[in-house]
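In case you want the letters, here they are:
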Amino acid sequence: MALSLVSNTFLEESSSKIRSKPVPWEGYQRAGLITSEELTLIKRVDRQPKAKIESVLLSEGSTYTLLYLNLLKKLQRVDTMQCLLVLVADALADHEERIQLFIRASESDPDLPFVPLLRILDTQDEFVQLKAAQILTILLSAQATPLQSHQISSFLTTLSSSVQGQSSNKRDVAVQCLESLLSRPEFRQAVWEIPGVISGFVDILKQNPGPQMSYQVAFCLWLLSFEQNISEQINKQYDVIPKLIDVAQGAVKEKVIRVIVATFRNLVVKAPAANLPAMLVCQLLPFIKNLATRKWSDEDILEDVRFLKDELNTRFQSLTTYDEYTSELSSGHLSWTPVHESEDFWKENAARLNDKNFEQLKILVNLLKESSDVTVLAVAAHDIGQYVKHYERGKIPITDLGGKARVMELMSHPNSDVRYRALLSVQQLVSQPWVTA
(Lines give C-alpha, C1' and ligand atoms only; values in the text may rest on other atoms or scores of the structure.)
Protein backbone atom coordinates (compact mmCIF):
# COMPACT_ATOMS: atom_id res chain seq x y z
CA MET A 1 0.00 0.00 0.00
CA ALA A 2 1.36 3.40 -0.96
CA LEU A 3 1.65 5.97 1.81
CA SER A 4 0.04 8.49 -0.54
CA LEU A 5 -3.29 6.66 -0.24
CA VAL A 6 -3.68 8.46 3.10
CA SER A 7 -2.39 11.94 2.34
CA ASN A 8 -3.09 15.34 3.83
CA THR A 9 -1.54 18.76 3.29
CA PHE A 10 -1.30 19.48 7.04
CA LEU A 11 0.63 16.23 7.58
CA GLU A 12 2.94 16.86 4.64
CA GLU A 13 3.75 20.45 5.64
CA SER A 14 4.22 19.56 9.31
CA SER A 15 6.44 16.58 8.43
CA SER A 16 8.70 18.86 6.41
CA LYS A 17 9.20 21.17 9.39
CA ILE A 18 9.70 18.30 11.85
CA ARG A 19 12.51 16.76 9.76
CA SER A 20 14.72 19.77 10.52
CA LYS A 21 13.89 20.11 14.25
CA PRO A 22 16.54 18.97 16.75
CA VAL A 23 15.68 16.24 19.27
CA PRO A 24 17.77 15.91 22.50
CA TRP A 25 18.92 12.35 21.84
CA GLU A 26 22.12 12.80 23.90
CA GLY A 27 20.00 13.98 26.84
CA TYR A 28 17.89 10.84 26.59
CA GLN A 29 21.05 8.74 26.65
CA ARG A 30 22.44 10.59 29.70
CA ALA A 31 19.13 10.10 31.47
CA GLY A 32 19.27 6.37 30.77
CA LEU A 33 16.17 6.46 28.54
CA ILE A 34 18.02 5.13 25.51
CA THR A 35 21.20 3.08 25.20
CA SER A 36 24.45 4.25 23.67
CA GLU A 37 23.87 1.80 20.82
CA GLU A 38 20.45 3.32 20.13
CA LEU A 39 21.96 6.81 20.25
CA THR A 40 24.58 5.85 17.66
CA LEU A 41 21.94 4.36 15.36
CA ILE A 42 19.49 7.25 15.59
CA LYS A 43 22.17 9.89 14.99
CA ARG A 44 22.95 8.25 11.64
CA VAL A 45 19.47 9.15 10.32
CA ASP A 46 18.44 12.16 12.44
CA ARG A 47 18.18 15.31 10.25
CA GLN A 48 20.17 13.64 7.48
CA PRO A 49 19.60 14.00 3.70
CA LYS A 50 17.03 11.63 2.23
CA ALA A 51 19.64 9.85 0.10
CA LYS A 52 21.79 9.05 3.14
CA ILE A 53 18.83 7.74 5.14
CA GLU A 54 17.79 5.56 2.20
CA SER A 55 21.29 4.12 1.99
CA VAL A 56 21.21 3.21 5.69
CA LEU A 57 17.75 1.64 5.46
CA LEU A 58 18.71 -0.33 2.36
CA SER A 59 21.35 -2.27 4.28
CA GLU A 60 19.90 -2.17 7.81
CA GLY A 61 16.13 -1.98 7.35
CA SER A 62 15.24 -4.52 10.05
CA THR A 63 17.53 -2.87 12.59
CA TYR A 64 15.98 0.55 12.07
CA THR A 65 12.42 -0.80 12.06
CA LEU A 66 12.96 -2.18 15.57
CA LEU A 67 14.81 0.98 16.63
CA TYR A 68 11.97 3.31 15.63
CA LEU A 69 9.28 1.15 17.21
CA ASN A 70 11.19 0.57 20.46
CA LEU A 71 11.88 4.29 20.83
CA LEU A 72 8.19 5.05 20.21
CA LYS A 73 7.35 2.54 22.90
CA LYS A 74 9.44 4.19 25.62
CA LEU A 75 9.75 7.90 24.75
CA GLN A 76 6.72 10.12 25.31
CA ARG A 77 7.78 13.70 24.60
CA VAL A 78 5.63 15.12 21.80
CA ASP A 79 8.50 16.45 19.68
CA THR A 80 10.28 13.10 19.92
CA MET A 81 7.19 11.16 18.92
CA GLN A 82 6.71 13.53 15.99
CA CYS A 83 10.26 12.91 14.79
CA LEU A 84 10.00 9.13 15.11
CA LEU A 85 6.64 9.00 13.30
CA VAL A 86 8.10 11.01 10.42
CA LEU A 87 11.07 8.62 10.25
CA VAL A 88 8.68 5.62 10.16
CA ALA A 89 6.49 7.21 7.48
CA ASP A 90 9.52 8.18 5.40
CA ALA A 91 10.80 4.61 5.62
CA LEU A 92 7.47 3.31 4.30
CA ALA A 93 6.98 5.93 1.57
CA ASP A 94 7.49 4.35 -1.87
CA HIS A 95 8.75 1.16 -0.21
CA GLU A 96 5.88 -1.27 0.23
CA GLU A 97 8.36 -4.08 0.83
CA ARG A 98 9.28 -2.46 4.17
CA ILE A 99 5.73 -2.87 5.50
CA GLN A 100 6.50 -6.49 6.29
CA LEU A 101 9.61 -5.44 8.25
CA PHE A 102 7.35 -3.53 10.63
CA ILE A 103 4.76 -6.30 10.84
CA ARG A 104 7.47 -8.90 11.56
CA ALA A 105 8.68 -6.79 14.49
CA SER A 106 6.23 -8.83 16.57
CA GLU A 107 8.68 -11.72 16.36
CA SER A 108 11.05 -9.70 18.59
CA ASP A 109 8.39 -8.15 20.81
CA PRO A 110 4.66 -9.08 20.79
CA ASP A 111 3.79 -5.43 21.55
CA LEU A 112 5.24 -4.38 18.22
CA PRO A 113 4.32 -2.79 15.93
CA PHE A 114 0.81 -1.92 17.10
CA VAL A 115 0.87 -1.23 20.86
CA PRO A 116 3.03 1.94 20.78
CA LEU A 117 1.15 3.30 17.76
CA LEU A 118 -2.26 2.65 19.32
CA ARG A 119 -1.13 4.20 22.61
CA ILE A 120 -0.10 7.49 21.07
CA LEU A 121 -3.49 7.91 19.40
CA ASP A 122 -4.52 9.34 22.79
CA THR A 123 -1.86 12.06 22.60
CA GLN A 124 -3.35 15.56 22.49
CA ASP A 125 -1.05 16.66 19.64
CA GLU A 126 -3.01 16.55 16.37
CA PHE A 127 -0.01 15.75 14.20
CA VAL A 128 0.96 12.77 16.39
CA GLN A 129 -2.61 11.42 16.30
CA LEU A 130 -2.97 11.72 12.54
CA LYS A 131 0.52 10.50 11.64
CA ALA A 132 0.02 7.45 13.88
CA ALA A 133 -3.36 6.83 12.23
CA GLN A 134 -1.78 7.06 8.78
CA ILE A 135 0.91 4.50 9.69
CA LEU A 136 -1.54 2.18 11.47
CA THR A 137 -3.78 2.15 8.40
CA ILE A 138 -0.89 1.06 6.19
CA LEU A 139 0.16 -1.72 8.57
CA LEU A 140 -3.34 -3.00 9.39
CA SER A 141 -4.40 -3.00 5.73
CA ALA A 142 -1.36 -5.10 4.83
CA GLN A 143 -1.57 -7.51 7.78
CA ALA A 144 -2.08 -10.97 6.27
CA THR A 145 -3.17 -12.76 9.45
CA PRO A 146 -6.54 -12.09 11.14
CA LEU A 147 -6.48 -8.94 13.20
CA GLN A 148 -7.04 -8.99 16.95
CA SER A 149 -10.26 -7.33 18.07
CA HIS A 150 -8.49 -4.85 20.37
CA GLN A 151 -6.33 -3.68 17.47
CA ILE A 152 -9.46 -2.91 15.48
CA SER A 153 -11.79 -1.51 18.15
CA SER A 154 -9.45 0.99 19.78
CA PHE A 155 -8.34 2.39 16.43
CA LEU A 156 -11.90 2.61 15.09
CA THR A 157 -13.06 4.42 18.23
CA THR A 158 -10.46 7.10 17.52
CA LEU A 159 -11.44 7.29 13.84
CA SER A 160 -15.11 7.55 14.82
CA SER A 161 -14.39 10.59 17.00
CA SER A 162 -12.38 12.16 14.18
CA VAL A 163 -15.10 11.59 11.59
CA GLN A 164 -17.65 13.29 13.85
CA GLY A 165 -15.31 16.05 15.10
CA GLN A 166 -14.86 19.66 14.07
CA SER A 167 -11.25 19.38 12.83
CA SER A 168 -11.21 19.24 9.03
CA ASN A 169 -7.76 17.60 9.10
CA LYS A 170 -8.94 14.85 11.44
CA ARG A 171 -12.07 14.28 9.36
CA ASP A 172 -10.05 14.15 6.15
CA VAL A 173 -7.47 11.67 7.45
CA ALA A 174 -10.06 9.51 9.26
CA VAL A 175 -12.21 9.10 6.14
CA GLN A 176 -9.15 8.17 4.09
CA CYS A 177 -8.07 5.64 6.73
CA LEU A 178 -11.52 4.06 6.70
CA GLU A 179 -11.54 4.04 2.90
CA SER A 180 -8.46 1.79 3.05
CA LEU A 181 -9.43 -0.32 6.06
CA LEU A 182 -12.96 -1.17 4.91
CA SER A 183 -11.55 -3.31 2.12
CA ARG A 184 -11.20 -5.94 4.89
CA PRO A 185 -14.49 -7.65 5.92
CA GLU A 186 -13.54 -7.71 9.61
CA PHE A 187 -13.27 -3.94 9.55
CA ARG A 188 -16.68 -3.62 7.91
CA GLN A 189 -18.31 -5.59 10.70
CA ALA A 190 -16.35 -3.71 13.36
CA VAL A 191 -17.37 -0.34 11.89
CA TRP A 192 -21.00 -1.48 11.90
CA GLU A 193 -20.71 -1.94 15.66
CA ILE A 194 -19.64 1.71 16.12
CA PRO A 195 -22.68 3.87 15.21
CA GLY A 196 -20.69 7.10 15.21
CA VAL A 197 -18.76 6.18 12.08
CA ILE A 198 -21.74 5.82 9.74
CA SER A 199 -23.73 8.68 11.29
CA GLY A 200 -20.54 10.73 10.85
CA PHE A 201 -20.45 9.80 7.16
CA VAL A 202 -24.06 10.93 6.72
CA ASP A 203 -23.39 14.21 8.55
CA ILE A 204 -20.43 14.90 6.25
CA LEU A 205 -22.62 14.37 3.17
CA LYS A 206 -25.27 16.70 4.62
CA GLN A 207 -22.65 19.47 4.72
CA ASN A 208 -22.27 19.37 0.91
CA PRO A 209 -18.53 18.59 0.85
CA GLY A 210 -16.41 18.86 -2.27
CA PRO A 211 -16.29 16.11 -4.94
CA GLN A 212 -13.29 14.31 -3.41
CA MET A 213 -14.76 13.99 0.09
CA SER A 214 -18.16 13.03 -1.38
CA TYR A 215 -16.44 10.29 -3.35
CA GLN A 216 -14.44 9.02 -0.39
CA VAL A 217 -17.46 8.84 1.93
CA ALA A 218 -19.56 7.17 -0.78
CA PHE A 219 -16.69 4.73 -1.39
CA CYS A 220 -16.75 3.78 2.30
CA LEU A 221 -20.53 3.20 2.14
CA TRP A 222 -20.05 1.13 -1.01
CA LEU A 223 -17.55 -1.13 0.77
CA LEU A 224 -19.92 -1.50 3.73
CA SER A 225 -22.76 -2.47 1.38
CA PHE A 226 -20.98 -5.72 0.45
CA GLU A 227 -22.01 -7.14 3.84
CA GLN A 228 -25.47 -8.75 3.90
CA ASN A 229 -26.40 -7.68 7.44
CA ILE A 230 -25.26 -4.11 6.82
CA SER A 231 -27.19 -3.80 3.54
CA GLU A 232 -30.32 -5.00 5.32
CA GLN A 233 -30.15 -2.36 8.05
CA ILE A 234 -28.10 0.64 6.92
CA ASN A 235 -30.90 2.64 5.31
CA LYS A 236 -33.36 1.86 8.07
CA GLN A 237 -30.91 3.06 10.72
CA TYR A 238 -29.10 5.90 8.94
CA ASP A 239 -31.36 7.00 6.05
CA VAL A 240 -28.49 6.79 3.56
CA ILE A 241 -30.51 6.28 0.36
CA PRO A 242 -32.10 9.76 0.13
CA LYS A 243 -28.81 11.40 1.07
CA LEU A 244 -26.87 9.48 -1.57
CA ILE A 245 -29.51 10.38 -4.17
CA ASP A 246 -29.10 14.06 -3.27
CA VAL A 247 -25.31 13.80 -3.62
CA ALA A 248 -25.54 11.98 -6.97
CA GLN A 249 -28.03 14.49 -8.36
CA GLY A 250 -25.69 17.36 -7.52
CA ALA A 251 -22.46 15.61 -8.50
CA VAL A 252 -20.28 17.05 -11.25
CA LYS A 253 -17.66 14.27 -11.15
CA GLU A 254 -18.42 10.97 -12.87
CA LYS A 255 -16.58 9.00 -10.19
CA VAL A 256 -19.01 10.23 -7.50
CA ILE A 257 -22.03 9.03 -9.49
CA ARG A 258 -20.27 5.77 -10.33
CA VAL A 259 -19.63 4.78 -6.72
CA ILE A 260 -23.11 5.81 -5.56
CA VAL A 261 -24.80 3.83 -8.33
CA ALA A 262 -22.59 0.85 -7.44
CA THR A 263 -23.68 1.22 -3.80
CA PHE A 264 -27.35 1.20 -4.82
CA ARG A 265 -26.76 -1.94 -6.86
CA ASN A 266 -25.22 -3.69 -3.85
CA LEU A 267 -28.13 -2.63 -1.64
CA VAL A 268 -30.61 -4.08 -4.14
CA VAL A 269 -28.67 -7.31 -4.69
CA LYS A 270 -28.03 -7.93 -0.98
CA ALA A 271 -31.36 -6.75 0.48
CA PRO A 272 -34.02 -5.85 -2.12
CA ALA A 273 -36.96 -5.97 0.31
CA ALA A 274 -35.25 -3.56 2.67
CA ASN A 275 -34.08 -1.05 0.07
CA LEU A 276 -36.26 -1.04 -3.08
CA PRO A 277 -39.28 0.57 -1.33
CA ALA A 278 -37.14 3.42 -0.02
CA MET A 279 -35.56 3.89 -3.44
CA LEU A 280 -38.98 4.19 -5.09
CA VAL A 281 -40.29 6.60 -2.48
CA CYS A 282 -37.20 8.79 -2.87
CA GLN A 283 -37.80 8.95 -6.64
CA LEU A 284 -34.66 7.07 -7.61
CA LEU A 285 -36.33 5.58 -10.70
CA PRO A 286 -36.74 8.89 -12.62
CA PHE A 287 -33.15 9.80 -11.78
CA ILE A 288 -31.87 6.41 -12.94
CA LYS A 289 -33.83 6.78 -16.20
CA ASN A 290 -32.11 10.12 -16.69
CA LEU A 291 -28.68 8.57 -16.03
CA ALA A 292 -29.45 5.86 -18.61
CA THR A 293 -29.64 8.52 -21.34
CA ARG A 294 -26.20 10.02 -20.62
CA LYS A 295 -22.86 9.11 -22.14
CA TRP A 296 -20.33 7.61 -19.70
CA SER A 297 -16.62 6.98 -20.03
CA ASP A 298 -16.94 4.04 -17.61
CA GLU A 299 -19.01 1.10 -18.90
CA ASP A 300 -19.55 -0.13 -15.34
CA ILE A 301 -21.84 2.83 -14.65
CA LEU A 302 -24.10 1.99 -17.58
CA GLU A 303 -24.31 -1.66 -16.54
CA ASP A 304 -25.25 -0.73 -12.97
CA VAL A 305 -27.74 1.90 -14.19
CA ARG A 306 -29.46 -0.64 -16.45
CA PHE A 307 -29.62 -3.16 -13.61
CA LEU A 308 -31.21 -0.60 -11.26
CA LYS A 309 -33.61 0.62 -13.92
CA ASP A 310 -34.85 -2.94 -14.57
CA GLU A 311 -35.20 -3.78 -10.85
CA LEU A 312 -36.97 -0.53 -9.98
CA ASN A 313 -39.27 -0.76 -13.01
CA THR A 314 -40.27 -4.31 -12.14
CA ARG A 315 -41.00 -3.33 -8.55
CA PHE A 316 -42.89 -0.18 -9.60
CA GLN A 317 -45.12 -2.03 -12.05
CA SER A 318 -46.07 -4.64 -9.44
CA LEU A 319 -47.03 -2.09 -6.78
CA THR A 320 -50.64 -1.62 -5.78
CA THR A 321 -51.70 1.72 -4.33
CA TYR A 322 -51.57 0.24 -0.85
CA ASP A 323 -48.06 -1.11 -1.54
CA GLU A 324 -47.01 2.41 -2.47
CA TYR A 325 -48.39 3.68 0.82
CA THR A 326 -46.66 1.03 2.95
CA SER A 327 -43.41 1.60 1.03
CA GLU A 328 -43.64 5.27 1.90
CA LEU A 329 -44.34 4.43 5.53
CA SER A 330 -41.41 2.03 5.81
CA SER A 331 -39.08 4.58 4.23
CA GLY A 332 -40.00 7.19 6.83
CA HIS A 333 -40.25 9.85 4.10
CA LEU A 334 -43.91 10.84 4.08
CA SER A 335 -44.84 13.58 1.63
CA TRP A 336 -48.05 14.89 0.09
CA THR A 337 -48.37 12.20 -2.56
CA PRO A 338 -51.94 11.78 -3.94
CA VAL A 339 -52.62 8.66 -1.88
CA HIS A 340 -52.80 10.57 1.42
CA GLU A 341 -55.63 12.88 0.37
CA SER A 342 -57.64 10.29 -1.55
CA GLU A 343 -60.96 9.54 0.21
CA ASP A 344 -61.33 6.39 -1.88
CA PHE A 345 -57.94 5.12 -0.70
CA TRP A 346 -58.84 5.53 2.96
CA LYS A 347 -62.31 3.99 2.54
CA GLU A 348 -60.73 0.92 0.95
CA ASN A 349 -57.56 0.60 3.03
CA ALA A 350 -57.88 2.19 6.49
CA ALA A 351 -58.61 -1.18 8.15
CA ARG A 352 -55.58 -2.76 6.46
CA LEU A 353 -53.31 -0.75 8.76
CA ASN A 354 -54.43 -3.22 11.46
CA ASP A 355 -53.00 -6.27 9.69
CA LYS A 356 -50.18 -8.24 11.37
CA ASN A 357 -50.95 -6.87 14.82
CA PHE A 358 -51.29 -3.25 13.65
CA GLU A 359 -47.85 -3.34 11.98
CA GLN A 360 -48.39 -0.36 9.63
CA LEU A 361 -50.32 1.67 12.20
CA LYS A 362 -47.43 1.29 14.66
CA ILE A 363 -45.00 2.59 12.01
CA LEU A 364 -47.29 5.60 11.37
CA VAL A 365 -47.56 6.43 15.07
CA ASN A 366 -43.79 6.02 15.57
CA LEU A 367 -43.13 8.49 12.76
CA LEU A 368 -45.44 10.92 14.52
CA LYS A 369 -43.48 10.45 17.75
CA GLU A 370 -39.91 10.34 16.43
CA SER A 371 -39.64 12.46 13.29
CA SER A 372 -38.49 16.07 13.41
CA ASP A 373 -39.34 16.73 9.76
CA VAL A 374 -42.35 19.07 9.57
CA THR A 375 -43.69 17.52 6.36
CA VAL A 376 -43.54 14.02 7.84
CA LEU A 377 -45.31 15.23 10.99
CA ALA A 378 -48.03 17.04 9.03
CA VAL A 379 -48.70 14.06 6.75
CA ALA A 380 -48.63 11.57 9.64
CA ALA A 381 -51.08 13.69 11.66
CA HIS A 382 -53.35 13.88 8.61
CA ASP A 383 -53.19 10.09 8.12
CA ILE A 384 -54.09 9.45 11.77
CA GLY A 385 -57.24 11.53 11.26
CA GLN A 386 -58.12 9.64 8.05
CA TYR A 387 -57.60 6.29 9.75
CA VAL A 388 -59.94 7.21 12.62
CA LYS A 389 -62.50 8.68 10.22
CA HIS A 390 -62.67 5.59 8.02
CA TYR A 391 -62.13 2.81 10.58
CA GLU A 392 -64.84 3.01 13.18
CA ARG A 393 -62.84 1.27 15.92
CA GLY A 394 -59.78 3.37 15.23
CA LYS A 395 -59.78 5.52 18.39
CA ILE A 396 -58.80 2.67 20.69
CA PRO A 397 -55.61 1.45 18.95
CA ILE A 398 -54.54 5.05 18.25
CA THR A 399 -54.95 5.92 21.93
CA ASP A 400 -53.30 2.70 23.13
CA LEU A 401 -50.27 3.32 20.89
CA GLY A 402 -49.85 6.86 22.17
CA GLY A 403 -50.95 8.46 18.91
CA LYS A 404 -53.75 10.56 20.40
CA ALA A 405 -51.49 12.11 23.05
CA ARG A 406 -48.83 12.89 20.44
CA VAL A 407 -51.32 14.51 18.02
CA MET A 408 -52.60 16.70 20.84
CA GLU A 409 -49.02 17.77 21.61
CA LEU A 410 -48.54 18.74 17.97
CA MET A 411 -51.38 21.27 18.17
CA SER A 412 -48.78 23.57 19.77
CA HIS A 413 -45.99 22.78 17.29
CA PRO A 414 -44.04 25.82 15.95
CA ASN A 415 -44.92 24.94 12.34
CA SER A 416 -48.35 26.20 11.27
CA ASP A 417 -49.11 23.31 8.89
CA VAL A 418 -48.27 20.73 11.57
CA ARG A 419 -50.56 22.57 14.02
CA TYR A 420 -53.38 22.70 11.45
CA ARG A 421 -53.13 19.00 10.51
CA ALA A 422 -52.93 18.01 14.18
CA LEU A 423 -56.05 20.08 14.93
CA LEU A 424 -58.02 18.36 12.15
CA SER A 425 -56.84 14.98 13.40
CA VAL A 426 -57.87 15.76 17.00
CA GLN A 427 -61.30 16.80 15.72
CA GLN A 428 -61.69 13.34 14.20
CA LEU A 429 -60.49 11.69 17.41
CA VAL A 430 -62.99 13.69 19.46
CA SER A 431 -65.96 13.48 17.08
CA GLN A 432 -65.75 9.83 16.08
CA PRO A 433 -67.68 7.46 18.38
CA TRP A 434 -65.81 5.05 20.65
CA VAL A 435 -66.63 1.64 19.22
CA THR A 436 -65.35 -1.25 21.32
CA ALA A 437 -66.75 -4.20 19.46
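Here is what the cut-offs are and how they apply
- Residues numbered from 1 in each chain as written.
- Predicted model: local features only at pLDDT ≥ 70, side-chain atom pairs only at ≥ 80, totals over all residues.
- Heavy atoms only, no water.
- UniProt positions renumbered as here; feature names shortened; annotations may be inferred.
- Helix = DSSP H or I, 4+ residues; strand = E, 2+ residues; numbered from the N terminus.
- Rg over C-alpha atoms; globule rule 2.2 N^0.38 Å.
- Buried < 20%, exposed > 50% of the residue type's maximum accessible area, 1.4 Å probe, protein only.
- Contact = heavy atoms within 4.5 Å.
- Areas by Shrake-Rupley, 256 points an atom, 1.4 Å probe, with all protein chains shown as cover.
- Lys, Arg positive; Asp, Glu negative; His and termini not counted.
- Charge placed at Lys NZ, Arg CZ, Asp CG, Glu CD.
- Expected span 1.5 Å × (residues − 1).
- Bend = angle between axes of the 7 residues up to and from the residue.
- Core = buried A, V, L, I, M, F, W, Y, C linked by side-chain atoms within 4.5 Å.
- Domains from an automatic or database assignment.
- Salt bridge = Lys/Arg side-chain N within 4 Å of Asp/Glu carboxyl O.
- Axes fitted to C-alpha atoms, helices over the stretch in contact; angles between N-to-C directions.
- Parallel < 35°, antiparallel > 145°, perpendicular 65-115°, else oblique.
- Left-handed = near helix turned anticlockwise from the far one by under 90°.
- Nonpolar A, V, L, I, M, F, W, Y, C, P; charged D, E, K, R; others polar.
- Polar contact = N/O pair within 3.5 Å; in protein donor to acceptor, adjacent residues only side chain to side chain.

Per an unreviewed UniProt entry, the chain goes by V-type proton ATPase subunit H and derives from Laccaria bicolor. We quote the UniProt Sequence similarities (unreviewed entry) comment for the chain here in full: "Belongs to the V-ATPase H subunit family."

Moving on: the overall build of the chain. A tally of helices and strands in the chain yields 26 helices and zero strands. Against the globule reference of 22 Å for 437 residues, the chain gives a C-alpha radius of gyration of 28 Å, more extended than a compact globule. Expressed along its principal axes, the backbone C-alpha trace of the chain runs to roughly 90 × 50 × 35 Å. Per-residue burial for the chain yields a buried fraction of 51% across its 437 residues. Restricting the contact set of the chain to residue pairs at least 6 apart, pairs at least 24 apart contribute 70%. Accessible surface for the chain amounts to roughly 20,000 Å². Of this, 50% is attributable to carbon and sulfur atoms. Positive and negative charge centroids in the chain, built from 46 and 52 side chains respectively, lie 3 Å apart.

Once that is clear, we can look at helix α4 (residues 50–74). Look at α4: only 26 Å from first C-alpha to last across 25 residues, short of the 36 Å you get at 1.5 Å a residue. The axis of α4 is deflected most strongly, by about 100°, at Glu-60. Buried positions along α4 lie against α2 (25–30), α3 (36–43), α5 (78–92), α6 (99–103) and α7 (114–119).

Among the nonpolar cores identified, the biggest contains 118 residues, and Trp-25, Ile-42, Tyr-68, Leu-178, Phe-201 and Phe-264 are the most heavily contacted of them. Two domains each provide a minimum of three residues to this core, namely domain 1 (1–145) and domain 2 (161–319). Each residue touching Trp-25, except ones within four places of it in the same chain, is listed here: Ile-34, Leu-39, Ile-42, Lys-43, Asp-46, Leu-71, Leu-75, Thr-80, Cys-83 and Leu-84.

With respect to the helices and strands, Ser-371 occurs in the loop between α22 (355–370) and α23 (374–390). Owing to a relative accessible area of 19%, Ser-371 belongs among the buried residues under this scheme. With sequence-adjacent residues up to four places away left out, Ser-371 is seen in contact with Asn-366, Val-376 and Leu-377.

On to the environment of Leu-71. Structurally, the position occupied by Leu-71 is in helix α4. Leu-71 sits 13 residues away from Leu-84 along the chain, and the two C-alpha atoms are 7.7 Å apart. When residues no more than four places from it in sequence are discounted, the contact partners of Leu-71 are Trp-25, Ile-34, Glu-38, Ile-42 and Leu-84.

A separate point is the pattern of salt bridges. Applying the stated criterion to the full structure yields 18 salt bridges. In this structure, Lys-43 engages Glu-26 in a salt bridge whose closest nitrogen and oxygen atoms are separated by 3.0 Å. Residue Lys-43 is found in helix α3, and its partner Glu-26 is found in helix α2; the two are separated by 17 residues along the sequence. Taking the relative accessible area as the measure of exposure, Glu-26 reaches 34% and is therefore partly exposed. Put simply, Lys-389 and Glu-343 hold a salt bridge, and the shortest N to O gap is 3.5 Å.

A word on the packing of α5 against helix α8 (residues 126–142). Look at α5 against α8: their axes get within 10 Å of each other, and the N-to-C directions meet at 30°. Compared by their axis directions, α5 and α8 come out roughly parallel. As α5 runs across α8, the sense of the crossing is left-handed. For the pair α5 and α8, contact is made by Val-78, Met-81, Gln-82, Leu-85, Val-86, Val-88, Ala-89 and Leu-92 and by Phe-127, Val-128, Lys-131, Ala-132, Gln-134, Ile-135 and Ile-138, respectively. Residues of the contact of α5 with α8, tallied by class, amount to 12 nonpolar, two polar and one charged.

Let us look at the side chain of Glu-328. Within the element layout of this structure, Glu-328 appears in helix α20 (residues 321–331). No salt bridge is formed by the buried Glu-328; its nearest oppositely charged neighbour, Arg-315, is found at 13 Å.

This part takes up unusual backbone geometry. Where the residue is not glycine, phi is negative for most of them; where a peptide bond is considered, it is trans in most cases. Here the residue pair Leu-112 and Pro-113 is connected by a cis peptide bond, since its omega of 0° sits within 30 degrees of zero. As for its placement among the helices and strands, Pro-113 is situated in the loop between α6 and α7. Unlike most non-glycine residues, Arg-47 shows phi in positive territory, near 55°. In this fold, Arg-47 is placed in the loop between α3 and α4. Backbone geometry at Asn-208 places phi at a positive 50°, although glycine is not the residue there. Its location among the elements puts Asn-208 in the loop between α12 (195–206) and α13 (211–224). Take Asn-208: its relative accessible area is 64%, and that puts it in the exposed class.

If you check the domain split of the chain, you get domain 1 (1–145), domain 2 (161–319) and domain 3 (322–430). Distance from the C-alpha centre of domain 2 to the C-alpha centre of domain 3: 30 Å. Linking domain 2 with domain 3 are zero salt bridges, by the criterion used here. Across the domain 2-domain 3 interface, the total number found is one residue pair in polar contact (both at pLDDT 80 or more). Only α17 (272–281) and α19 (299–318) provide two or more residues apiece to the side of domain 2 that touches domain 3. Considering every element that reaches the side of domain 2 that touches domain 3, the biggest residue donor is α17, with three residues.

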